[in-house]
Amino acid sequence: MKLSELLAGLPAGGLEYTRLQGEADPQIADIVYDTRRLVPGAAFVCIEGTQRDSHDLAAEALEAGAAALLVQHEVSLPAGCAAPVIQVQSTRRALALLSAAWFGYPARQMTLIGVTGTKGKTTTAHMIRAVLQAAGRRTGIIGTNGVAWGGLQQELPNTTPESYELHRLFRRMLDAGCDSVVMEVSSQGIMMDRVAGIHFDIGVFTNLYPDHIGGPGEHKTFEEYRWWKGRLFTRCEVGIVNADDANTDALLQGHTCRLVRYGMHPGADYRADRLALRRSEHFLGIAFDVHGREELAAQVNMPGEFSVYNALAAIAVGRELGLPHAAIHDGLMNTVVKGRVEMVPISRRFTILIDFAHNESGTESLLSTLRAYKPHRLVCLFGCGGNRSKLRRYGMGEAASRLADFLILTEDNNRFEAVEDILSDIEQGIAKGNPAVPYVKIPDRLDAIHYAIDHAEEGDLICVIGKGHETYRDRAGVKTPFLERELIEAYAHEKGLS
């Protein structure tokens, strides 16, 4: 593709450019924003990052064979360099627009559904995908649990990938026969223009709580965080939003889409009532009725009211796309999300599940939900990550001690801290919450899991939290395989459980 063909998409995407030097129109071999991936003939896009400004590498990129540069500000060039240098107001936005053109605008050829919010994005996205697949739609998914389509699955470094990688994934999905994509859209993904130029058929909002605020590359205030979340609803046709969240109206300021609301609120377009908890050997979930635009009965094999909200969002998406009730019902019944209140059915005597809850609010929400199922004992196995805020340890210890009947304290990606020090911090939280709660400390997480299974009592509900979908254990910076579901199943098989 010629440079001029790539640049033609910039004004169409609302981004004007200026040619600072070079009249040539070279054939472009690739688009690159990392000099480590540079190939001769590539267009190198200089990005201002949170850690480094790759404008400083412009001369190095040209000397390595870059055919053209896209810059946001002045750069130092090698003497006598005549390569085209294109200046734009935002090279991040330019990277997104150029990437879409480079891969042939694949997102425009599929139904695209974006899910944003603080909690529930991953589960809601998987529910939507399950509903679409039950209706016969070939659907890819992109988010916290990685990317998947067909039989392929791989992890991702970011919930919302960088724009070049995102459009490459769209291209691969389209070529594999996908007609739909469900993706989690993070606030950073919007702020950093990873989804610039993409127009979604449907945008979904789950809920909003303080998160991703104050750190490098994060939002300065909660209001800024909310504003960036809301930008999704200026780039979609239909916005499906939580009617019951206190932040919904403020988040939607300036929206340009048609709105559909879901929730428990009487005025919601898709409203749930008659919630009923369900628990059996292979089922820990909730049933409910839906009213408003549709009248149907639904149930999900996931516990708690928050699962109803996630399911309502998926139901609304399905019906707005014209999917049949049977597909919606079957999709919700068969949704399984790795590491999100995921049951591991190994025994009729007790229930064990794994979840990604790794902070105070997540722990409190999960344990409160599970408490409603009235288990014989609610057992919580958890630790906290090393080289992270001690406040999280205090908070998780306090919440778990108040809501669980028995605690098993163990490791969770200790990184470069001693596990004993981390557990001591958790104990401080326990002392503040409920110092009378019984607990044991077992530093090795696999030993702790074995202990939980060996000492399970009839009717117990055991939750193993903190790692969820993660596939590794991090000790002193060394990551080794650690897949909790497989380890639990293997030990149950060894013990002959049923």
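Remember, predicted model here, so these are calculated numbers, not experimental data. (Residues numbered from 1 in each chain as written. Predicted model: local features only at pLDDT ≥ 70, side-chain atom pairs only at ≥ 80, totals over all residues. Heavy atoms only, no water.)

**Examining the pattern of salt bridges**
Evaluation of the coordinates by the stated rule reveals 30 salt bridges. The closest approach of N and O atoms between Arg 377 and Asp 460, which form a salt bridge, is 2.7 Å. Here Asp 460 lies in the loop between α15 (445–454) and β22 (461–465) and Arg 377 lies in the loop between α12 (360–371) and β19 (378–382), a separation of 83 residues in the sequence. Residue class for Asp 460 comes out buried when judged on its relative accessible area of 0%. Put simply, Arg 485 and Glu 489 hold a salt bridge, and the shortest N to O gap is 3.1 Å. Here Glu 489 and Arg 485 lie together in helix α16 (residues 484–495), a separation of four residues that amounts to about one turn. (Salt bridge = Lys/Arg side-chain N within 4 Å of Asp/Glu carboxyl O. Helix = DSSP H or I, 4+ residues; strand = E, 2+ residues; numbered from the N terminus. Buried < 20%, exposed > 50% of the residue type's maximum accessible area, 1.4 Å probe, protein only.)

**Some thoughts on the packing of aromatic side chains**
For the structure shown, the criterion picks out three aromatic pairs. Geometrically, the ring pair formed by Phe 222 and Tyr 225 is tilted, given 6.3 Å between the ring centres and 55 degrees between the ring planes. Pair noted here: Phe 222 and Tyr 225 are both in helix α8 (residues 222–230), with a separation of three residues, about one helical turn. For the pair Phe 222 and Tyr 225, a shared accessibility class is recorded, and that class is buried. (Phe/Tyr/Trp six-rings, centres within 6.5 Å; stacked < 30°, edge-to-face > 60°.)

**Remarks on the sheet that holds strand β12 (residues 236–242)**
Taken in spatial order, the 11 strands of this open sheet run β9-β8-β7-β10-β6-β11-β12-β13-β14-β15-β16, and their pairing is mixed. Bordering the open sheet on either side are β9 (152–154) and β16 (296–300), each of which pairs with just one other strand. Direction aside, the axes of adjacent strands within the sheet are offset by 20 degrees on average. Bridge count between strand β6 (residues 111–116) and strand β11 (residues 200–205): four bridges; the pairing is parallel. For Ile 113, the partnering residue across the bridge sits in β11 and is Ile 202. The strands that helix α10 (residues 305–320) touches are β6, β11, β12, β13 (258–263), β14 (270–280), β15 (283–292) and β16; relative to β14, the one it contacts most, it runs at about 125 degrees. (Pairing = 2+ DSSP bridges. Axes fitted to C-alpha atoms, helices over the stretch in contact; angles between N-to-C directions. Contact = heavy atoms within 4.5 Å.)

**Concerning empty space enclosed by the protein**
Under the definition given, this model contains one cavity of 30 Å³ or more. If you add up the space inside the largest cavity, you get close to 30 Å³. Forming the boundary of the largest cavity are Arg 377, Val 379, Phe 406, Ile 408, Tyr 451, Ala 452, His 455, Ala 456, Asp 460 and Ile 462. Going through the elements one at a time, β20 (406–409) and α15 are the ones with two or more residues in the lining of the largest cavity. (1 Å grid on protein atoms, 1.4 Å probe; cavity = no way out; pocket = protein on both sides within 12 Å on 5 of 7 lines; lining within 4 Å. Points joined across faces, edges and corners; volume = space filled by probe spheres on them.)

**Considering unusual backbone geometry**
Here Tyr 105, not a glycine, exhibits a phi torsion of approximately 50 degrees, which is positive. For Tyr 105, the position within the fold is in the loop between α4 (91–102) and β6. With a phi angle near 55 degrees, Asn 387 is a residue other than glycine that sits in the positive phi range. With respect to the secondary-structure elements, Asn 387 resides in the loop between β19 and α13 (390–403).

**Observations concerning helix α14 (residues 419–433)**
Over its 15 residues, α14 runs 21 Å from end to end, which matches the ideal 21 Å to within 8%, given 1.5 Å per residue. Residues of α14 that are buried: Val 419, Ile 422, Leu 423, Asp 425, Ile 426, Glu 427, Gly 429 and Ile 430. Next to the buried residues of α14 lie β19, α13, β20 and β21 (439–441). (Expected span 1.5 Å × (residues − 1).)

**Structural notes on the side chain of Thr 139**
As for its placement among the helices and strands, Thr 139 is situated in strand β7 (residues 139–143). At 3.3 Å, the side chain of Thr 139 forms a polar contact with the backbone oxygen of Arg 137. In contact with Thr 139, other than residues within four places in its own chain, are Arg 129, Leu 132, Gln 133, Ala 148, Trp 149, Cys 178, Ser 180, Val 181 and Val 182. (Polar contact = N/O pair within 3.5 Å; in protein donor to acceptor, adjacent residues only side chain to side chain.)

**A word on the environment of Phe 283**
Along the chain, Phe 283 turns up in strand β15. Judged by relative accessible area, Phe 283 falls into the buried class, the value being 12%. Separated by 19 residues in sequence, Phe 283 and Met 302 place their C-alpha atoms 7.9 Å apart. Not counting the four nearest positions on each side in its chain, Phe 283 is found in contact with Arg 278, Gln 299, Val 300, Asn 301, Met 333 and Met 343.

Treat this as a map of the structure, not an account of what it does.
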